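# Descriptive analysis of the structure
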Amino acid sequence: MNASRVLATAARVLRQLRHDPRTIALMLLVPVLMITLLRYVFDGSPGTFDSVGASLLGIFPLITMFLVTSIATLRERTSGTLERLLAMPLGKADLIAGYALAFGLLAVVQSALATATALWLLDLTVTGSPWLLLLVALLDALLGTALGLFVSAFAASEFQAVQFMPAVIFPQLLLCGLFTPRDTMQPALEALSDALPMSYAVDGMDQVLRHTDMTADFVRDALVVAGCALLVLVLGAATLRRRTP
């Protein structure tokens, strides 16, 4: 992996995104709008918003970054851009790292906007540090970016990329403990939820919600989410195709 090539790839992706305001709006504003909508859905029950808002603050950026990253990467492959780039002295790892860096920078802005909105405009109450909340939201967004880069290698069209959401995101959403505690699930489902990264993202948010200080469980959850994102990026580099057949 070459640092200058990674930075050049990231700069190219950011220049392209600058000319696509709809994609930027989707990445930066949709999580903010969704968390705002959730706040007023539970307008008569602020305690409910406090209990689920922190978890969804991490889930919404993950879903958004997954969609945008998978479609954007697939579009570059189907247009022949990736094939031309890989014909140059540019490795797959350089390309994936450049994309991850570019979308990761946007994920920082996205997570900061969503967290600030939830805490200071929507009065989300958490016991722990807002910085820890932001950290988990950012790790979730980076995980969504990594998953999007990975699944784009297996899609032949933008429609197929969207179809991966029910297969990749929805099972994690149902099993992450958002709707019911994971230890009350059927044992096989509980074991499956223990292997899914979104479960640790929700657990990490829950630690910030309930504890004033950083706990050992929070550190474990954050490391698992970060490790899964790194692993998926490596798999994405290994499975990246030059073009769509």
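The structure under discussion appears in the preceding block.
Residues numbered from 1 in each chain as written. Predicted model: local features only at pLDDT ≥ 70, side-chain atom pairs only at ≥ 80, totals over all residues. Heavy atoms only, no water.

## Quick look at the overall build of the protein chain
A tally of regular secondary structure across the protein chain gives 11 helices and zero strands. Secondary structure elements of the protein chain occur, N-terminal to C-terminal, as α-α-α-α-α-α-α-α-α-α-α. Relative to the globule expectation of 18 Å for 245 residues, the C-alpha radius of gyration of the protein chain, 18 Å, shows essentially globular dimensions. For the protein chain, the spread of C-alpha atoms along the three principal axes comes to 55 × 40 × 30 Å. Across the 245 residues in the protein chain, those meeting the buried criterion constitute 51%. Excluding contacts between residues fewer than 6 apart, the proportion of contacts in the protein chain whose partners are at least 24 apart in sequence is 78%. As displayed, the protein chain offers around 11,400 Å² of accessible surface, 69% of which is attributable to carbon and sulfur atoms. The positive charge centre, built from 16 side chains, and the negative charge centre, built from 17, are 18 Å apart in the protein chain. (Helix = DSSP H or I, 4+ residues; strand = E, 2+ residues; numbered from the N terminus. Rg over C-alpha atoms; globule rule 2.2 N^0.38 Å. Buried < 20%, exposed > 50% of the residue type's maximum accessible area, 1.4 Å probe, protein only. Contact = heavy atoms within 4.5 Å. Areas by Shrake-Rupley, 256 points an atom, 1.4 Å probe, with all protein chains shown as cover. Lys, Arg positive; Asp, Glu negative; His and termini not counted. Charge placed at Lys NZ, Arg CZ, Asp CG, Glu CD.)

## Here we look at the nonpolar core
Counting 46 residues, the largest nonpolar core has Ile59, Leu124, Leu133 and Ile169 as its most contacted members. Taken together, the elements giving at least two residues each to this core come down to α2 (21-41), α3 (46-78), α5 (92-121), α6 (130-151), α7 (158-168), α10 (197-210) and α11 (216-239). Setting aside anything within four residues of it in sequence, one finds Ile59 in contact with Asp140, Leu173, Cys176, Leu178, Met198 and Val202. With 18 residues, the next largest nonpolar core counts Met65, Leu95, Phe103 and Leu149 among its residues. (Core = buried A, V, L, I, M, F, W, Y, C linked by side-chain atoms within 4.5 Å.)

## Brief notes about the packing of aromatic side chains
Tallied over the full model, the rule gives one aromatic pair. Ring centres 6.4 Å apart and planes at 15 degrees place the aromatic pair Tyr99 and Phe103 in the stacked group. With Tyr99 and Phe103 both in helix α5 and four residues apart, this pair spans about one turn of that helix. A single burial state applies to Tyr99 and to Phe103, both of which are buried. In this arrangement the basic side chain of Arg39 is found over the ring face of Tyr40, its NZ or CZ atom lying 5.3 Å from the centre. The ring of Phe49 carries the charged tip of Arg39 above its face, separated from the ring centre by 6.0 Å. (Phe/Tyr/Trp six-rings, centres within 6.5 Å; stacked < 30°, edge-to-face > 60°. Lys NZ or Arg CZ within 6 Å of the ring centre and 35° of its normal.)

## Focus on α3
Here α3 is 33 residues long and its end C-alpha atoms lie 46 Å apart, about the 48 Å a rise of 1.5 Å per residue gives. Along α3, the sharpest change in direction is near 40 degrees and occurs at Gly53. (Expected span 1.5 Å × (residues − 1). Bend = angle between axes of the 7 residues up to and from the residue.)

## Focus: a nonpolar patch on the surface
Among the surface-exposed residues, Leu7, Leu14, Leu101 and Leu105 lie close enough to one another that they form a single nonpolar patch of about 320 Å² accessible area. The set of elements that each furnish at least two residues to the nonpolar patch consists of α1 (3-18) and α5. With respect to the element layout, Leu14 can be found in helix α1. (Patch = residues over 30% accessible without salt bridge, like charges linked within 9 Å, V, L, I, M, F, W, Y side chains within 5 Å. Salt bridge = Lys/Arg side-chain N within 4 Å of Asp/Glu carboxyl O.)

## A few points about the pattern of salt bridges
In the structure shown here, the tally under the stated rule is five salt bridges. One salt bridge connects Asp194 with Arg182, and the closest N-O pair in it is separated by 2.5 Å. Within this pair, whereas Asp194 is found in helix α9 (residues 187-194), its partner Arg182 is found in the loop between α8 (170-175) and α9, the two being separated by 12 residues in sequence. One salt bridge connects Arg182 with Asp203, and the closest N-O pair in it is separated by 2.6 Å. Note that Arg182 is positioned in the loop between α8 and α9 and Asp203 in helix α10, a separation of 21 residues in sequence. Through salt bridges with shared partners, a single ionic network connects Arg182, Asp194 and Asp203.

## A few points about unusual backbone geometry
The backbone of Asp123 sits at a positive phi, close to 60 degrees, despite the residue not being glycine. Looking at the secondary structure, you find Asp123 in the loop between α5 and α6.

## Focus on the state of the cysteines
With the rule as written, the count across this model stands at zero disulfides. Free cysteine: Cys176, not disulfide-bonded; nearest cysteine sulfur from Cys228 at 14 Å. Among the residues examined, Cys176 registers a relative accessible area of 1% and is labelled buried. Judged by its relative accessible area of 21%, Cys228 is partly exposed. (Disulfide = S-S within 2.5 Å.)

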